[in-house]
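Fold and geometry: a report
The chain contents come next:
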Amino acid sequence: MKLLKTLMLTPMVCLCAVALTPLSALAEPRPNIVIFYVDDLGWQGTQLNDVDAPCPYETPNVLKLAEQGMNFTQGYSAAPTCAPSRAGIITGQHPGKLRYTHVLFDRIIKGRATEEFVDPYLGAHLQMDALTLATALQDNGYHTGHVGKWHLGLSSSLFGFEFSHEDRGVHRKAPDRTKDFSTADDPKYPLSKEKYPPFSTKKPDGISYPYDGVTESALKFMEESQDKPFFLYLAHWMVHWPAMTRNGELLEYYCDKLGQPFPPKAGEMSTPGQNNPYFASMVTTVDWSLGRIVDYLEKTDDPRNPGKKLIETTYLIFTSDNGGCTNHGKEVLSDNSPLKYGKSNGEEGGIRVPMVIRGPGIPKGSQFDGLVNQLDYFPTILNLTDSSIAPEAQSELSGLDITPVLLDGARQIVDAQGVKRENLFWHFPHGQDSMKSVLREGDFKLLKNYLTRDYSLYRLYKNGQRDDLEEMKDLALDPEYAPVVKKLSEKLERHLAENQVEGPYLNPAYKGKTKPAAEIQSVTFDPASRQAGVQLATSGPAIETAYVIYRDKPGAEKKKSKHGKGTDVRLGMKMPATIASSGNMVSARIPKKIEAYCFLLIDENNYQTFSKIQLAK
């Protein structure tokens, strides 16, 4: 089945979406919310938006969900990698604004002599003062639960989730992926007695699936919610590396379908395209999990609404954290074609994702072709659940409420003042080849290339019809499109400035640098006052921004438990330091119990410099 043969942008029509849909128009009582989040599942990784060559991965439950709700053909993640996308979806704030733009956490990245730019330092975890969707809904009477991958540092239990289960479930690396499969009496991953798709001549009644703790924990959470509306954030570890499955029957099915031997040969799977049977098995396993969740909602009575099933009072959002990952080392995982590149890139293959929403009031089998970002979920869920947050917190949200699209048939997304959405932007100051900021507006896609200090422009659509979805024809140097580059670049720069994004910075170790960088002469520490200082060469540029980073002493393991209890949440985070009026001296007081520290300095020439890690003694 193909819900989308040729992509077309919906013509812009009326501004009927200005007024928010009141909760009174929705079924009572307040609806439940489920976000079903997949890891590294690309836009072409399901049968949903199946353009060009058919996707061989079978996802009947995703298709069924789209038949029951709304498919967003131009759905985007908040970032091209998982941690910032998760930060965006859970806070509703743009990763660039959060300055949480990659998965580096508290790693100190020092560039090579051949690299002009370096990544910004991010911090060990999501900021503790960030208002999360879980906290907002909990404050409004919801039971909140997270299962699966968190990947924002510490634990989800510290960010508003009453129920937190972060185990990997069945997605654990096997000693030998070619033969270590689950059995009916497996102590950890027993095969189910029930049979499920896919069906084949070998298995006409379907196959069994191994026990998955992520799926089962999600079901347990919903069972325990009882008299409260619930918010479930189910974040699968699949289809991320390692590419493996404990389901031997499913792997055999895909080996047969893809014309490969079973069991597979040992070593990397190097066949190009969507031909990795391990990856295919992970996609279908995630689809099976989605089916289990929907089946539970369809069969279970809503205890707060007699006579109705949970499916009638629940909004379910299906999507992925970023575009598909195509390779891991020498192993070919999948293919995002016709989209360009994949995870970690601002091109379409890295940020365009499958997105389906179903729930009460959403027309069955409907489709929206406008630009939608996962940052839109936070304000939309607040409206759908009749929840409120403080006005100052509301003003920090980066997305827009799409309730009128879901419930009222609106064909435009507008802000609270009725101004239609013009564009989306991304900021990814990481990776020597992928340091880019991106703007998508109308038919066009603009990329700001930091390494080459220029722009690329692609026309994805022309008059609503697919034109250069592959991003192969760079129009930036074509005089005809000079006005488009100027207009879009100005808008992108305005977004970057308004959100105070960070990085990339210049690398002080770069052998070809043309400007001087700040040079550290000495670092001092007074045990009595616990005052630390760093003195810089007076002949160098002044320091404009300075932080102190609290660290574990070198060689020591981080003192944090599985659930984040007992962890000093200051470790690995940037704390403001004091800059002397001369601009060549920085100081900070190191609290007791902090065993080590270093300084992070940004000078007026935009170089990022770290001091060595020092013991606080």
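Comments concerning empty space enclosed by the protein
- One pass over the structure, following the stated rule, counts five cavities of 30 Å³ or more.
- By volume, the second largest cavity amounts to about 80 Å³.
- Around the second largest cavity, the lining residues are Val-170, His-171, Pro-210, Met-238, Met-244, Thr-245, Arg-246, Asn-247, Thr-285 and Trp-288.
- Grouping the amino acids of the lining of the second largest cavity by side-chain chemistry returns five nonpolar, four polar and one charged.

What to know about the side chain of Asn-71
- Along the chain, the position of Asn-71 falls in strand β2 (residues 70-72).
- A distance of 3.1 Å separates polar atoms of two side chains, one belonging to Asn-71 and the other to Asn-49.
- If we skip the residues at most four places from it in the chain, Asn-71 touches Leu-48, Asn-49, Ala-66, Met-355, Val-356, Ser-366, Gln-367 and Phe-368.

Some points on the pattern of salt bridges
- Per the counting criterion, the structure on display carries 32 salt bridges.
- Ionic pairing is found between Glu-502 and Lys-574, a salt bridge with its closest N-O pair at 3.1 Å. A residue pair is termed long-range when its members are at least 10 positions apart, and Glu-502 in the loop between α12 (482-498) and β20 (505-506) and Lys-574 in strand β24 (residues 574-576) qualify at 72 residues.
- In this structure, a network of salt bridges that share partners links the residues Asp-39, Arg-86, Lys-149 and Asp-321.

So, the sheet that holds strand β11 (residues 355-358)
- Strand order across the open sheet formed by eight strands is β6-β5-β7-β1-β8-β11-β2-β12, with mixed pairing between neighbours. In the strand order of this sheet, the two ends are held by β6 (163-165) and β12 (366-368), each with one partner. The mean inter-strand angle of the sheet, taken between neighbouring strand axes irrespective of direction, is 10 degrees.
- The pairing of strand β8 (residues 314-320) with β11 spans four bridges and is classified as antiparallel.

Comments concerning helix α1 (residues 60-68)
- By the burial criterion, the buried members of α1 are Val-62, Leu-63, Leu-65, Ala-66 and Gln-68.
- Structurally, α1 contributes buried residues whose contacts are with β2, α7 (277-299), β8 and β11.

Observations concerning the packing of helix α6 (residues 248-257) against α7
- Running from amino to carboxyl end, α6 crosses α7 at an angle of 125 degrees, the nearest separation of the two axes being 9 Å. The pairing of α6 with α7 is recorded here as oblique in orientation. Of the two elements, α6 crosses α7, and the hand of that crossing is right-handed. On the side of α6, the interface is formed by Leu-250, Leu-251, Tyr-254 and Cys-255, while α7 contributes Pro-277, Tyr-278, Ala-280, Ser-281, Thr-284 and Thr-285.

Here's the deal with unusual backbone geometry
- A cis amide bond links Pro-197 with the next residue in sequence, Pro-198, at an omega value of 10 degrees.
- Mapped onto the elements, Pro-198 comes out in the loop between β6 and α5 (213-225).
- The omega torsion of the bond from Trp-241 to Pro-242 falls at 10 degrees, within 30 degrees of zero and hence cis.
- With respect to the helices, strands and loops of the structure, Pro-242 is situated in the loop between β7 (230-235) and α6.
- Of note, the phi angle at Arg-453 is positive, near 55 degrees, even though the residue is not glycine.
- Relative to the assigned elements, Arg-453 resides in the loop between β16 (444-449) and β17 (454-459).
- Phi at Lys-593 is positive, roughly 80 degrees, even though this residue is not glycine.
- Inspection of the secondary structure puts Lys-593 in the loop between β26 (585-589) and β27 (596-603).

Side note on the confidence of the model for the protein
- Counting all residues, the mean pLDDT for the protein is 94, and 94% of those residues have values of 70 or more.
- Residue range residues 1-27 is modelled with pLDDT below 50. Its contacts to residues more than four positions away, or to other chains, number 72 contacts.

Quick look at the packing of aromatic side chains
- Going through the model one piece at a time under the given rule, you end up with 21 aromatic pairs.
- Here the aromatic rings of Tyr-196 and Tyr-209 are separated by 5.9 Å at their centres, their planes lie at 80 degrees, and the arrangement is edge-to-face. Taken as a pair, Tyr-196 in the loop between β6 and α5 and Tyr-209 in the loop between β6 and α5 lie far apart in primary sequence, 13 residues in all. The same class applies to Tyr-196 as to Tyr-209, namely buried.
- Residues Tyr-253 and Tyr-254 carry aromatic rings whose centres are separated by 5.3 Å and whose planes lie at 80 degrees to one another, so their mutual orientation is edge-to-face.
- Clustering of aromatic rings is evident, with ring pairs tying together Tyr-37, Trp-150, Phe-159, Phe-161, Phe-231 and Tyr-233.

Side note on the pairing of strand β1 (residues 32-38)
- With respect to burial, β1 is a largely interior element, seven of its seven residues being buried.
- Of the two faces of β1, both are covered, the one formed by Asn-32, Val-34, Phe-36 and Val-38 as well as the one formed by Ile-33, Ile-35 and Tyr-37.
- Across seven bridges, β1 lies against β8 in parallel orientation. Following the sheet pairing, Ile-35 is matched in β8 by Ile-317.

Focus: the side chain of Arg-358
- Inspection of the secondary structure puts Arg-358 in strand β11.
- For the buried Arg-358, which has no salt bridge, the nearest side chain bearing the opposite charge is Glu-298, at an N-O separation of 4.8 Å.
- Side chain to side chain, Arg-358 and Gln-68 meet in a polar contact 2.7 Å long.
- Once you skip the residues sitting within four places of it in the chain, Arg-358 turns out to touch Leu-65, Gln-68, Gly-69, Ile-311, Thr-314, Tyr-315 and Leu-316.

Re α6
- Inspection of α6 places Gly-248, Leu-250, Leu-251, Tyr-253, Tyr-254 and Cys-255 among the buried residues, and these make up the whole buried set.
- Residues of α6 that are buried in the fold lie against α7.
- Structurally, the start of α6 carries an N-cap: the backbone nitrogen of Glu-249 is 3.3 Å from a side-chain oxygen of Asn-247.
- Looking at the residues trailing α6, positive phi occurs at Gly-259, about 70 degrees.

A closer look at the layout of surface pockets
- Taken as a whole, the largest pocket spans an internal volume of roughly 1,100 Å³.
- As for the largest pocket, its lining consists of 36 residues, of which Leu-397, Ser-398, Gly-399, Leu-400 and Asp-415 are closest to the centre.
- Looking at the lining of the largest pocket, the elements with two or more residues in it are α9 (377-384), α10 (391-396), β14 (423-428) and α12.
- Residue contributions to the lining of the largest pocket peak at four residues, all from α12.
- Taken together, the residues of the lining of the largest pocket break down into 13 nonpolar, twelve polar and eleven charged.

Definitions and limits used
Residues numbered from 1 in each chain as written. Predicted model: local features only at pLDDT ≥ 70, side-chain atom pairs only at ≥ 80, totals over all residues. Heavy atoms only, no water. 1 Å grid on protein atoms, 1.4 Å probe; cavity = no way out; pocket = protein on both sides within 12 Å on 5 of 7 lines; lining within 4 Å. Points joined across faces, edges and corners; volume = space filled by probe spheres on them. Nonpolar A, V, L, I, M, F, W, Y, C, P; charged D, E, K, R; others polar. Helix = DSSP H or I, 4+ residues; strand = E, 2+ residues; numbered from the N terminus. Polar contact = N/O pair within 3.5 Å; in protein donor to acceptor, adjacent residues only side chain to side chain. Contact = heavy atoms within 4.5 Å. Salt bridge = Lys/Arg side-chain N within 4 Å of Asp/Glu carboxyl O. Pairing = 2+ DSSP bridges. Axes fitted to C-alpha atoms, helices over the stretch in contact; angles between N-to-C directions. Buried < 20%, exposed > 50% of the residue type's maximum accessible area, 1.4 Å probe, protein only. Parallel < 35°, antiparallel > 145°, perpendicular 65-115°, else oblique. Left-handed = near helix turned anticlockwise from the far one by under 90°. pLDDT = per-residue confidence, 0-100. Phe/Tyr/Trp six-rings, centres within 6.5 Å; stacked < 30°, edge-to-face > 60°. Lys, Arg positive; Asp, Glu negative; His and termini not counted.

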